[in-house]
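Each chain, letter by letter, is given below.
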Amino acid sequence: DGTLLTSRKTITPFTHAQLRAAIGAGVKVVLATARPPRSVRDYFLALKLDTPTINYNGALIWDEPRRRIVEHVPLDVAVAKKIIAWGRKKYPELLVSIEILDKWYTDHYAELPEFMTETARKFTPDFIGPLSAFMTVPITKLMLIGDPKWIADLEQAMPAKFGKKVAQTRSDPHLLQLMNPSISKARALAEVAAK
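Not measured: the values here are computed from a predicted model. (Residues numbered from 1 in each chain as written. Predicted model: local features only at pLDDT ≥ 70, side-chain atom pairs only at ≥ 80, totals over all residues. Heavy atoms only, no water.)

K.L.:
Help me out: how do you make sense of the overall build of the chain in this one?
P.N.:
In terms of regular secondary structure, the chain is built from five helices and nine strands. The C-alpha atoms of the chain give 17 Å as radius of gyration, which agrees with the globular expectation for 195 residues (16 Å, within 12%). On the principal axes, the C-alpha backbone points of the chain span a range of 55 × 35 × 30 Å. In the structure as shown, the chain presents an accessible area of about 10,200 Å², 56% of it carried by carbon and sulfur atoms. Each charge class in the chain can be summarised by its mean position, and for the 28 positive and 20 negative side chains these summaries are 4 Å apart. (Helix = DSSP H or I, 4+ residues; strand = E, 2+ residues; numbered from the N terminus. Rg over C-alpha atoms; globule rule 2.2 N^0.38 Å. Areas by Shrake-Rupley, 256 points an atom, 1.4 Å probe, with all protein chains shown as cover. Lys, Arg positive; Asp, Glu negative; His and termini not counted. Charge placed at Lys NZ, Arg CZ, Asp CG, Glu CD.)

What follows is the structure in structure tokens.
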């Protein structure tokens, strides 16, 4: 978003032609994004790529042609549970979305356009139900969604409360993304390049 894609979420014909020329010359093009695999699949196919994708800011390296995990660096479930409890104690209406590999889980689905992520504009949750039903396996990405004032407050307070147990990024005023603190797109790209 904003790098490969225009504000309309498209690849321009010029960019597409340049990337295809680079691929034809032997350059390996790897998509690196905060998005899940399903949300970059159309772009991957349009560019006719055969490389892994880097998803969730580096928490997942995904083999798109085979639709399988190359590397997964999840957030600790116990940490995620504590963050959710802390966030909802401060803001009871806080929306929680969880990505586990290429699946979306939540206990409340809001179709409010101002709170939608780019992925939510095209996909619906794979599971809607109690958090306890799916917070038993490693979590790829935790997202806290709500009023931008709440999110700004949580973003500022997070380091003091959880220290180095979580990495955070705020891509939209209403969205705080939380992942394993050891991940980054750069680290994941170095892993892919080494192979």
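K.L.:
Help me understand the pairing of strand β7 (residues 141-145) in this model?
P.N.:
The side chains of a regular strand alternate, first on one face of the sheet and then on the other. Along β7, five of the five residues are buried, which leaves the element largely enclosed by surrounding structure. Neither face of β7 is exposed, since K141, M143 and I145 on one face and L142 and L144 on the opposite face are all buried. Taken together, the four bridges between β7 and strand β9 (residues 175-179) define a ladder with antiparallel strand orientation. Bridged to M143 within β9 is Q177. (Buried < 20%, exposed > 50% of the residue type's maximum accessible area, 1.4 Å probe, protein only. Pairing = 2+ DSSP bridges.)

K.L.:
How should I be thinking about the sheet that holds strand β6 (residues 127-128) in this particular structure?
P.N.:
Taken in spatial order, the six strands line up as β6-β5-β4-β7-β9-β8 in an open sheet, and their pairing is mixed. On the outer flanks of this sheet lie β6 and β8 (167-172), each paired with one strand and no other. This element, helix α4 (residues 148-162), spans β7, β8 and β9 of the sheet and lies at about 155° to β8. (Contact = heavy atoms within 4.5 Å. Axes fitted to C-alpha atoms, helices over the stretch in contact; angles between N-to-C directions.)

K.L.:
What is the right way to read the sheet that holds strand β2 (residues 60-63) from this model?
P.N.:
Taking strand neighbours across the sheet as the criterion, the three strands line up as β1-β2-β3 in an open arrangement whose pairing is antiparallel. Edge positions in the open sheet fall to β1 (53-55) and β3 (68-72), since each of these has one partner strand only. Averaged over all neighbouring strand pairs, the angle between strand axes comes to 30°, with direction disregarded. Pairing of β1 with β2 involves three bridges; the strand directions are antiparallel. Across the sheet, the residue bridging to I54 is I61, located in β2. Along the sheet, helix α5 (residues 185-194) makes contact with β1, β2 and β3, crossing β1 at roughly 155°.

K.L.:
What should I look at first to understand the environment of V30 in this one?
P.N.:
Tracing the chain through its elements places V30 in the loop between α1 (13-24) and α2 (37-46). Given the relative accessible area of 21%, V30 is considered partly exposed. For V30 and I54, which are 24 residues apart along the polypeptide, the C-alpha to C-alpha distance reads 7.4 Å.

K.L.:
What's the story with the packing of aromatic side chains in this structure? I'm lost.
P.N.:
Each aromatic ring pair is characterised by the separation of its centres together with the angle its planes make. Here the structure, examined in full by the defined rule, presents five aromatic pairs. Centre to centre, the rings of F127 and F134 are 5.6 Å apart; their planes meet at 75°, and the pair counts as edge-to-face. The structure contains a cluster of three or more aromatic residues connected by ring pairs, namely Y105, F127 and F134. (Phe/Tyr/Trp six-rings, centres within 6.5 Å; stacked < 30°, edge-to-face > 60°.)

K.L.:
Quick question: what am I supposed to make of the nonpolar core here?
P.N.:
Soluble globular proteins tend to pack their nonpolar side chains together in the buried interior. Formed by 26 residues in total, the largest nonpolar core has its most connected members in I83, I98, M135, L142, L144 and M158. Elements represented by at least two residues in this core include exactly α3 (77-90), β4 (95-100), β7, α4 and β9. Considering every element that reaches this core, the biggest residue donor is α3, with six residues. The contacts of I83, once residues within four sequence positions are left out, are L142, L144, M158, F162, V166 and L178. Among the nonpolar cores identified, the runner-up in size contains ten residues, and I11, L19, V29 and L49 belong to it. (Core = buried A, V, L, I, M, F, W, Y, C linked by side-chain atoms within 4.5 Å.)

K.L.:
Even after reading the chapter, I still don't get the side chain of E99, so can you show me in this structure?
P.N.:
Summarising the element assignment, E99 is placed in strand β4. You can call E99 buried: its relative accessible area is 3%. A distance of 2.7 Å separates polar atoms of two side chains, one belonging to E99 and the other to R38. A polar side-chain atom of E99 sits 2.8 Å from a polar atom in the side chain of Y56. (Polar contact = N/O pair within 3.5 Å; in protein donor to acceptor, adjacent residues only side chain to side chain.)

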